[in-house]
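Analysis of the macromolecular model
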Amino acid sequence: MERSSWLLLLYALPTRRATARVNLWRKLKKFGAVSLKTSAYVLPDQPAHHERFQWLATQIRDEGGDATLIRVAEIEGLPPEQLVEMFNSARAADYKELMASIHETLDRIKKSRSAAVLDQLVRHQSRLNEIKEIDYFNAPAGHDAQMLLEKAERFVAPRISASSARTLRSAEFQKKLWLTRPKPGIDRIGSAWLIRNFIDPHAEFVFGMEVRKFPNALPFDMADAEFSHHGDDCTFETLLKRFAVENHGLRIIGEMIHDADLEDRKFGRVECIGLNFVFEGWARMGLSDDELITRGLPCFDALYEKVKK
């Protein structure tokens, strides 16, 4: 990764200043700062962050404490990659909390589409925007939260479904570069297998969080992408419908992936749930995105041999 510098805020507050300590913690949390030790916080070295830490340092001194602001190129024992992971882990916790709330709203939407539910979706979007403001390194969990919120919004105001959209010709999608999110799971690996075997045999895959960095790539299973979750469909099902791939075995695999990915038990299929556990385990073992695809494709080859007619 690119070499970065960091801002460290070191401080000490009198023990009797409990209220000041809580207020300081809330502001540090709001700014997305990460704790290194009890009284040491870090942010990426940016002008806005420098100004924020200066302001907090002044407040700490006004409360009778001491504060020191330091700019460093590196922190001994903490390589930049580990620091970035600390920031991403903190944001992942924020996104996880938000996604739990969105799931609750989804359950309510399925029962009622009242004004209160609509207001809740607006609050979820506001909270998502707040987290993104302090998501300095584009934590992968942010994309998951965005896609889940879009799913909830589609229940209220359904967009055009994949089945009613214009059918695409695979002949016009040959030798393309296909983009999806890092750490692919069941839907993305299954979709890559579908693309490679039934749409674009010479497809190449790249991984990233920002579409603008890959202007020549076709995004799939990403927020606001044409080939993604639409209506009640997972990405695999969307691709089947958009390219009019009609095949009994693929339909069955689509149902399996749907239930494993969306966890809504729509089809009562459990076969891919275990397979998804394997994919997630490989990701935790540190396999690269390319390795996850390379190992995953033969799994679907075997699955297809079992279910095809």
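Everything discussed here concerns the structure shown above.
Sequence positions are assigned chain by chain, starting from 1 and proceeding in written order. Local features are withheld for residues below a pLDDT of 70 in this predicted model, meaning they are given only at 70 or higher, and side-chain atom pairs are given and counted only at 80 or more; totals for whole chains, interfaces and linings count all residues. Working from all heavy atoms in the structure, the side-chain values ignore hydrogens and water.

1. Focus on a nonpolar patch on the surface
Residues forming no salt bridge and having over 30% relative accessible area are the ones grouped into patches, like charges within 9 Å of each other and nonpolar side chains (Val, Leu, Ile, Met, Phe, Trp, Tyr) within 5 Å. Note on areas: Shrake-Rupley with a 1.4 Å probe; residue coverage comes only from the protein chains shown. What makes a salt bridge here is a side-chain nitrogen of Lys or Arg within 4 Å of a carboxyl oxygen of Asp or Glu, nothing more. A surface patch of nonpolar side chains, amounting to about 310 Å² of accessible area, comprises Val 270, Ile 273 and Phe 277. As for its position among the elements, Val 270 is in the loop between helix 8 (248–262) and helix 9 (271–284). By the criteria applied, helices consist of DSSP H or I runs no shorter than four residues and strands consist of E runs no shorter than two, each listed in order from the N terminus.

2. Some remarks on unusual backbone geometry
Its identity is not glycine, yet Asn 138 carries a phi of approximately 50 degrees, on the positive side. Checked against the element boundaries, Asn 138 lands in the loop between helix 4 (115–133) and helix 5 (141–156). Even without a glycine there, the phi angle at Lys 183 is positive, about 55 degrees. Relative to the helices and strands, Lys 183 is located in the loop between strand 5 (177–180) and helix 6 (186–199). Buried residues are those whose accessible area, probed at 1.4 Å on protein chains only, stays under 20% of the maximum for their type, while exposed residues exceed 50% and partly exposed ones sit between those limits. Residue classification places Lys 183 among the partly exposed residues on the basis of a relative accessible area of 43%.

3. Some thoughts on the nonpolar core
If you look at the biggest cluster of nonpolar residues, it comprises 41 residues, and the most contacted ones within it are Trp 178, Trp 193, Phe 205, Phe 236, Ile 253 and Phe 300. Only helix 6, strand 6 (204–207), helix 7 (235–242), helix 8, helix 9 and helix 10 (289–307) provide two or more residues apiece to this core. Residue contacts are counted whenever heavy atoms from the two residues lie within 4.5 Å of one another. Leave out the neighbours within four places in its chain, and Trp 193 touches Phe 198, Phe 236, Leu 250, Ile 253, Leu 297, Phe 300, Asp 301 and Tyr 304. Take the buried Ala, Val, Leu, Ile, Met, Phe, Trp, Tyr and Cys residues and link them wherever side-chain atoms come within 4.5 Å; each set so joined is a nonpolar core.

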